[in-house]
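One-letter residues, chain by chain:
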Amino acid sequence: MTIRIMGTGSYLPENIVTNDDLAKIMDTSDEWIASRTGIRKRHLVKEETTAQMSAKAAKQALKEAGLKAEELDLIIVGTLSGDYVTPSTACEVQAMIGADKAVAFDVNAACSGFMFAMNTAYAFIQSGIYQNALVIGAEILSRLMDWNDRSTCVLFGDGAGAAVVTADEKGLLGFVQGSDGTKGMVLACKNRLNNNPLIKNSVEPDHVFMDGQEVYKFAVSTVPASIQAVLEEAGLEVSDIKYFLLHQANIRIIQSVAKRLKADINRFPTTLEHCGNISAASVPILLDEVNKKGMLQRGDKLVMAGFGAGLTWSAAVIEW
Ligand code: ACO
């Protein structure tokens, strides 16, 4: 028994911010951002919350799957930017969509969050504990940026993507995932400071900070290796795969992965241009866009891969 993706959905905030808009408030340019990253605009929330965006994406996914919210056993949200420390975004979504029967919790694996959530759903379904799961990746990264740091704040966006997965004979064909906590400080974001009056506060920043070049080196070596590993596990070759749906961090990372796999870059669809990097939401939003454009036929084989802070990484092969 494995899991099959029965429906997808996504939500992007209405407010669009272009590179030129950013150049009006900081020393940057469309040329600098687009040439180094591939990003031209991003959606940033004004009113939306992480849970509201998740619920909108979830409803689309449920509709396509032909499943009622009450039929869900499990809701997992991959996020590092929920609206509350507690309750979890998954519990908020459960209430918003009326999934009374479901068990709901979040996982934090940064940009690998959706993939880790999907694999967790797979483990529950494969073992027979649950039947139907809603898996979401959702972020409001604009909350966590240092808007005085042009080297990071131009990279990220906000949004949510969702998939409904159910028990089936075919679907997920292979999965690898990994973590390396020793490299955690390459890409990090400190939690709020301790306000206990009996101790001295640290002065560490409470926004995202990143060693971009270290992240780049990690990504261009780990992502092709994890894709090769998952293909081997599934008994498939690069040539068997129709599309490679990678976490959308940077076009140069995607180009490098394509080159290392000796795969045509046209088999690597992107959302970077209009979304930027939305961490855990990148992969499910990309999957939903590819699905909605009618690019997928039953039986197509796809690779999905996430990589990011932790450090964490994961890759899956699915049959659509
Ligand atoms: N606009 C204009 N100039 C800028 C900007 C900006 N937005 N940001 C930085 N610069 C300047 C720097 O100040 C520096 O100037 P200096 O030479 O006068 O000191 C110069 O550009 C080069 O800065 P670097 O940080 O060395 O830029 P680099 O060429 O490494 O590119 C980038 C930065 C695009 C982030 C790159 O490191 C990269 O591709 N990293 C991969 C990691 C990544 O994409 N992370 C995204 C999130 S992580 C994830 O999702 C897993």
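Residues numbered from 1 in each chain as written. Predicted model: local features only at pLDDT ≥ 70, side-chain atom pairs only at ≥ 80, totals over all residues. Heavy atoms only, no water.

1. Comments concerning the sheet that holds strand 12 (residues 301-308)
- With mixed pairing, four strands are arranged side by side in an open sheet as 8-13-12-11. The sheet is open, and its two edges are formed by strand 8 (172-179) and strand 11 (243-246), each paired on a single side. Strand-to-strand twist in this sheet, taken as the mean axis angle between neighbours without regard to direction, amounts to 10°.
- Judged from the eight bridges that link them, strand 12 and strand 13 (residues 312-319) form a sheet pairing that is antiparallel. Its bridge partner lying in strand 13, Ala-305 is registered against Ala-315.
- Against the sheet, helix 10 (residues 282-292) touches strand 11 and strand 12, its axis set at about 145° to strand 11. (Pairing = 2+ DSSP bridges. Helix = DSSP H or I, 4+ residues; strand = E, 2+ residues; numbered from the N terminus. Axes fitted to C-alpha atoms, helices over the stretch in contact; angles between N-to-C directions. Contact = heavy atoms within 4.5 Å.)

2. Focus: the site of the ligand
- In the neighbourhood of the ligand, 23 residues make up the surrounding shell, with Thr-28, Arg-150, His-247, Asn-250 and Asn-277 lying closest.
- Take Asn-250: an N or O atom from its side chain is 2.6 Å from an oxygen atom of the ligand.
- For the ligand, the protein covers 72% of the area, taking 1000 Å² as the surface of the free molecule.
- For the shell around the ligand, the secondary structure elements donating two or more residues are helix 2 (30-37), helix 6 (150-153), helix 7 (212-234) and strand 12. (Near = heavy atom within 4 Å. Polar contact = N/O pair within 3.5 Å; in protein donor to acceptor, adjacent residues only side chain to side chain. Areas by Shrake-Rupley, 256 points an atom, 1.4 Å probe, with all protein chains shown as cover.)

3. Overview of the pairing of strand 13
- Taken across its eight residues, strand 13 has seven buried, putting it largely inside the fold.
- Inspection of the sheet shows strand 8 paired to strand 13 by seven bridges, in the antiparallel sense. Its bridge partner lying in strand 13, Leu-172 is registered against Ile-318.
- Remark: three residues form the turn of the hairpin made by strand 12 and strand 13, two consecutive strands paired antiparallel; Gly-310 in that turn has positive phi of roughly 140°. (Buried < 20%, exposed > 50% of the residue type's maximum accessible area, 1.4 Å probe, protein only.)

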